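# Understanding the architecture of this molecule
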Amino acid sequence: MSNIELAIWSFPILITMIFLRIPIGLAMMICGFVGSYFIMGSTGPILARLKHETYSTFSNYSFSIIPLFLLMGQFAILGGMSQALFKTAESWLGHRKGGIAISAVGASAGFGAICGSSLATAATMGQVALPELRRYGYSGSLATGVLAAGGTLGVLIPPSVVLVIYAILTEQNIAKQFVAAIVPGVLAALGYMIAVAIYVRVRPDSIGQDGIRRERKPYAERLRMLVSVWPVFVIFIAVVGGIYGGIFTPTEAAAVGVVGTGVLALLNGGLTGRSFVEAILETAAATAMIFFIILGASIFNSFLALSQMPQQAAMFVSQQDVSPWIVLALILLTYIVFGCVMDSLSMILLTVPIFFPIVSVLDFGLTPEETAIWFGVLVLVVVELGLITPPVGMNLFVINAMAKDTPISQTYRGVMPFIAGDLIRVVILAMFPSITLWLMRYLF
């Protein structure tokens, strides 16, 4: 068996191990070890690489941004801003048909601006909005579907842990990657709102009492509610604006965000000695999980590099008389399929080292940097889609666990309109790269 064939066979073996409930980081590490052994014929170089890889990976200064953004999300939850964001969104959007669900999307977008985790956004907004949705008589499918979809805005709207990892893997500028994701993130929020508006008109029985049009809130009250969430805007501008303005490095900006959300949580009474320790422990556990997956992916990708499969694949594609857009479509379709069985972080770490070299040699009429950043946003969008794609979309299970009276099958049905909206958005962003790149071109 050639090295290329060995690398190709490693993928079905890896997927099988995942289905057998072996942790993804361990599965990738095992495949990488065994594959490297078959290529080199000895365990010595592999064990030596593990020793050096562990230190070089975890001591990478760029990766320190990950626990900081995770801790920022923990403090944001303790700060109680989710409730204020929901009430503010409701004051502006609640009078519309299906307004509670639309408000939940708006609040999720606002919370995502200070929390780089999709699961944290989904869980937090679920606690706040789900009781309101059920109080107004929303069906279980729509209530859980809209909250699962809204949670994905936590990873799409900067700051985003997934974007950070993609930028590090592809050696791109994190600030430019963040800026490029802002417009697609806003489009995602608007798309979800439109999906709700269409759904409640097709299925008016799904919104119970919210089908009765309510009076608009006075503008004085709307502005008062908007002022109540000023800390969210300040923290978002400090983090993203500080990175763009060159005031902070991304890691320094994450530290500023941690301090800002920590002070907010302290002033709101949510940050106590006990909750602080719990936030640190939650961050440490999440960071350990992410770093272990990163280590496993590093070992597996080292094996792929030894096999020369990514380089050979890029060379093969460049020599074919095939449109770059067809290749891109196949790559994005692969991500969507993978999203049905894998979590977002694993997909990024497993596939980017393979697909990025292929995309880099294709001509889309963009500079190499623009191609990399545009592809990163496309990857982020389809990865976000994987978070709500049955059967193992993580957000679906997070929200469904809160709505114990709603079968998971109803949650699957409720999320379908949002999946359809996401697919349309992927096509638009792929066909028109300038939508993603114009703000980055203007600011940099």
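Residues numbered from 1 in each chain as written. Predicted model: local features only at pLDDT ≥ 70, side-chain atom pairs only at ≥ 80, totals over all residues. Heavy atoms only, no water.

## Some details on unusual backbone geometry
- Cis geometry is adopted by the peptide bond preceding P159, which originates at P158 and carries an omega value of 0°.
- Checked against the element boundaries, P159 lands in the loop between helix 9 (153-156) and helix 10 (161-170).
- You will see that E171, though not glycine, has its phi angle at about 60°, which is positive.
- Relative to the elements of secondary structure, E171 occurs in the loop between helix 10 and helix 11 (174-202). (Helix = DSSP H or I, 4+ residues; strand = E, 2+ residues; numbered from the N terminus.)

## A short note on the environment of G246
- The residue G246 is located in the loop between helix 13 (230-244) and helix 14 (250-267) in this model.
- Taking relative accessible area as the criterion, G246 reaches 58% and is therefore assigned exposed.
- Sequence spacing of G246 and A175 is 71 residues, and the spatial spacing of their C-alpha atoms is 9.1 Å. (Buried < 20%, exposed > 50% of the residue type's maximum accessible area, 1.4 Å probe, protein only.)

## Notes on the side chain of D422
- Among the secondary structure elements, D422 is positioned in helix 21 (residues 408-431).
- According to the relative accessible area criterion, D422 is buried, its value standing at 1%.
- Separated by 2.2 Å, the side chains of D422 and R425 make a polar contact.
- Ignoring any residue separated from it by four or fewer positions in sequence, one finds D422 in contact with Y192, E384, L385 and I388. (Polar contact = N/O pair within 3.5 Å; in protein donor to acceptor, adjacent residues only side chain to side chain. Contact = heavy atoms within 4.5 Å.)

## As for empty space enclosed by the protein
- In total, this model carries one cavity of 30 Å³ or more according to the counting rule given.
- As for the largest cavity, its lining consists of S36, M40, I46, R49, I299 and S302.
- Those elements giving two or more residues to the lining of the largest cavity turn out to be helix 2 (24-40), helix 3 (44-58) and helix 15 (273-307).
- Classifying every residue of the lining of the largest cavity gives three nonpolar, two polar and one charged. (1 Å grid on protein atoms, 1.4 Å probe; cavity = no way out; pocket = protein on both sides within 12 Å on 5 of 7 lines; lining within 4 Å. Points joined across faces, edges and corners; volume = space filled by probe spheres on them. Nonpolar A, V, L, I, M, F, W, Y, C, P; charged D, E, K, R; others polar.)

## With respect to the environment of W325
- Residue position: W325 is located in helix 17 (residues 324-339).
- Residues W325 and D363, 38 residues apart in the sequence, show an inter-C-alpha distance of 9.2 Å.
- Not counting chain neighbours up to four residues away, the residues in contact with W325 comprise F364, W374, A430 and P433.

## Examining the layout of surface pockets
- In this model, the largest pocket occupies a volume close to 1,300 Å³.
- As for the largest pocket, its lining consists of 46 residues, and the residues nearest its centre are L119, M289, D343, L387 and M394.
- Contributing elements (two or more residues each) for the lining of the largest pocket: helix 1 (3-19), helix 4 (65-78), helix 7 (118-135), helix 10, helix 15, helix 18 (344-360) and helix 20 (394-402).
- In terms of residue class, the lining of the largest pocket is built from 31 nonpolar, 11 polar and four charged.
- Elements with a minimum of two residues in the lining of the second largest pocket: helix 5 (81-93), helix 6 (99-112), helix 11 and helix 13.
- If you tally residues by element for the lining of the second largest pocket, the top one is helix 11, at six residues.

## Focus: the packing of aromatic side chains
- In total, this model carries 11 aromatic pairs according to the counting rule given.
- With a centroid separation of 5.7 Å and 90° between ring planes, the pair formed by F11 and F300 is classed as edge-to-face. One end of the pair, F11, is in helix 1; the other, F300, is in helix 15, and 289 residues separate them in sequence. Here F11 and F300 have matching classes, each one buried.
- Here the aromatic rings of W325 and W374 are separated by 5.9 Å at their centres, their planes lie at 70°, and the arrangement is edge-to-face. Of the two residues, W325 sits in helix 17 while W374 sits in helix 19 (residues 368-386), which places them 49 residues apart along the sequence.
- Here W374 falls in the buried class, since its relative accessible area comes to 0%.
- Of the aromatic side chains, those joined through ring pairs into one cluster are F11, F300 and F303.
- In this structure, R425 is placed above the aromatic ring of Y192, and the distance from its NZ or CZ to the ring centre is 6.0 Å. (Phe/Tyr/Trp six-rings, centres within 6.5 Å; stacked < 30°, edge-to-face > 60°. Lys NZ or Arg CZ within 6 Å of the ring centre and 35° of its normal.)

## Quick notes on the nonpolar core
- Core analysis: the biggest nonpolar cluster contains 149 residues, and I66, F375 and I388 have the highest contact counts within it.
- It is helix 11 that provides the largest number of residues to this core, a total of 15 residues. (Core = buried A, V, L, I, M, F, W, Y, C linked by side-chain atoms within 4.5 Å.)

## Remarks on the environment of Q312
- Tracing the chain through its elements places Q312 in helix 16 (residues 309-319).
- Its relative accessible area of 38% is what places Q312 among the partly exposed residues.

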